[in-house]
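Architecture at a glance
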Amino acid sequence: MDLIKAAVTEYAERFSSPEPELLKAIAAETKVEHPHYHMLSGHLQGRFLAMVSRLMKPDYILEIGSFTGYSALCLAEGLSANGQLHTIELRPADAATARKNFNLSPNSQQLILHEGEASQIIPGLPFEWDLVFIDADKTAYLNYYGLVLPRLRKGGLIIADNVLFHGEVLAASLKGKNAKAIQAFNEFVEKDDRVEKVLVTLRDGLLLVQKK
């Protein structure tokens, strides 16, 4: 389901800051070479992530799901001078692509890529997170949330992607495992009084969750 008309997205992109050249090249390469290129954050969402990060000036960012590195590079734009972004990717081929793209960035020294299963890697990262971006296995969102919220600083922000899951969560009867998992995640966060939350209807839905 196309939740937002292409013309609306194009109009919004026109009146948003342009993609940096490196990100434009990564987006073009991903579209040509990756069978799941639609998973890329893209221009509008990427500029949104970059602006949130610049407003927060985080010391420590965690990204769960690197894909080809586009969103990590957007988030890294706001890092403090000595800040770090830790990103986790399960698929070796995507991790290799992300690592290659990170090496082209002036922020490369601040980007640390971990390859493997996020639920096993997260507990071993000894940081208090300022900003967390969740964009990996949809069936594991609740697990990721449970792992990162205790390590999120007060006032810190979690951004969860695909929380509208192509409109499938709007159906009267949910069918797919991913849609069911996303719905369960949304409902859990809705009732969680430890956080403030707002669901933004950008692209496939972003749930912004701020720790009280």
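All residue numbers refer to positions counted from 1 along the written sequence of the respective chain. Per-residue local features of the predicted model are confined to residues with pLDDT of at least 70, and side-chain atom pairs are confined, for both listing and counting, to 80 or more; whole-chain, interface and lining totals are unaffected and use all residues. As a rule here, side-chain values cover all heavy atoms of the structure and leave hydrogens and water aside.

Below, the discussion takes up the overall build of the protein chain. The helix and strand labels rest on DSSP assignments: H or I over at least four residues marks a helix, E over at least two residues marks a strand, and numbering proceeds from the N terminus. Within the protein chain one finds 8 helices and 7 strands. Here the radius of gyration uses the C-alpha set of atoms, whereas the globule reference equals 2.2 Å times the residue count to the power 0.38. Compactness check: the protein chain gives a C-alpha radius of gyration of 16 Å against a globular reference of 17 Å for 212 residues, within 12% of the reference. Based on the C-alpha atoms only, the size of the protein chain along its principal axes is roughly 45 × 40 × 35 Å. Throughout this description, buried means an accessible area under 20% of the type-specific maximum (1.4 Å probe, protein chains only), exposed means over 50%, and partly exposed covers the range between. Here the protein chain, with 212 residues, has 49% of them falling under the buried criterion. Just so you have it, the protein chain exposes about 10,700 Å², and 55% of that area is on carbon and sulfur atoms. Where accessible areas are quoted, they stem from the Shrake-Rupley method and a 1.4 Å probe; at the residue level, only the protein chains shown are allowed to cover.

What follows covers the pattern of salt bridges. The working definition used for a salt bridge is a side-chain nitrogen of Lys or Arg within 4 Å of a carboxyl oxygen of Asp or Glu. Considering all chains together, one arrives at 10 salt bridges under this definition. Notably, a salt bridge pairs Glu89 with Arg91, separated by 3.8 Å at the nearest N-O pair. Judged by relative accessible area, which is 4%, Glu89 ranks as buried. The exposure class assigned to Arg91 is partly exposed, which follows from its relative accessible area of 48%. Linking Asp130 and Arg153 is a salt bridge whose minimum nitrogen-to-oxygen distance equals 2.6 Å. Here Arg153 lies in strand 5 (residues 152-161) and Asp130 lies in strand 4 (residues 129-134), a separation of 23 residues in the sequence. Using a relative accessible area of 9% as the deciding quantity, one classes Asp130 as buried.

Here the rule is simple: two strands pair whenever DSSP picks up at least two bridges between them. Strand order in the open sheet made by the 7 strands is 3-2-1-4-5-7-6, with mixed pairing throughout. Edge strands, defined here as strands with exactly one partner in the open sheet, are strand 3 (111-115) and strand 6 (195-200). For this sheet, the mean inter-axis angle between neighbouring strands, taken without regard to orientation, is 15°. Bridge count between strand 2 (residues 84-89) and strand 3: 5 bridges; the pairing is parallel. Bridging across to strand 3, Thr87 finds its partner in Leu113. Pairs of residues are marked as contacts when any of their non-hydrogen atoms sit within 4.5 Å. The axes used here are C-alpha line fits, helices contributing only the stretch in contact, and every angle between their N-to-C directions lies in the interval 0 to 180 degrees. Sheet contacts for helix 5 (residues 92-102): strand 2 and strand 3; angle to strand 3, the most-contacted strand, approximately 170°.

Let us now look at the pairing of strand 5. Counted residue by residue, strand 5 has 7 buried out of 10 residues, so it is predominantly covered. In this sheet, strand 5 lies alongside strand 4 in parallel orientation, the contact comprising 5 bridges. Directly across from Trp129, in strand 5, lies its bridge partner Leu152. Note that the unit made of strand 4, helix 7 (residues 141-148) and strand 5 has a crossover that is right-handed. Pairing analysis gives 5 bridges linking strand 5 to strand 7 (residues 206-211), with the strands arranged antiparallel. Residue Ile159 lies in a different strand from strand 7, and its bridge partner there is Leu208. Handedness is read with the strands pointing away from the viewer; a crossover is right-handed when the path from the first strand over the helix to the second is clockwise.

Function cannot be read off these values alone, since they describe shape.
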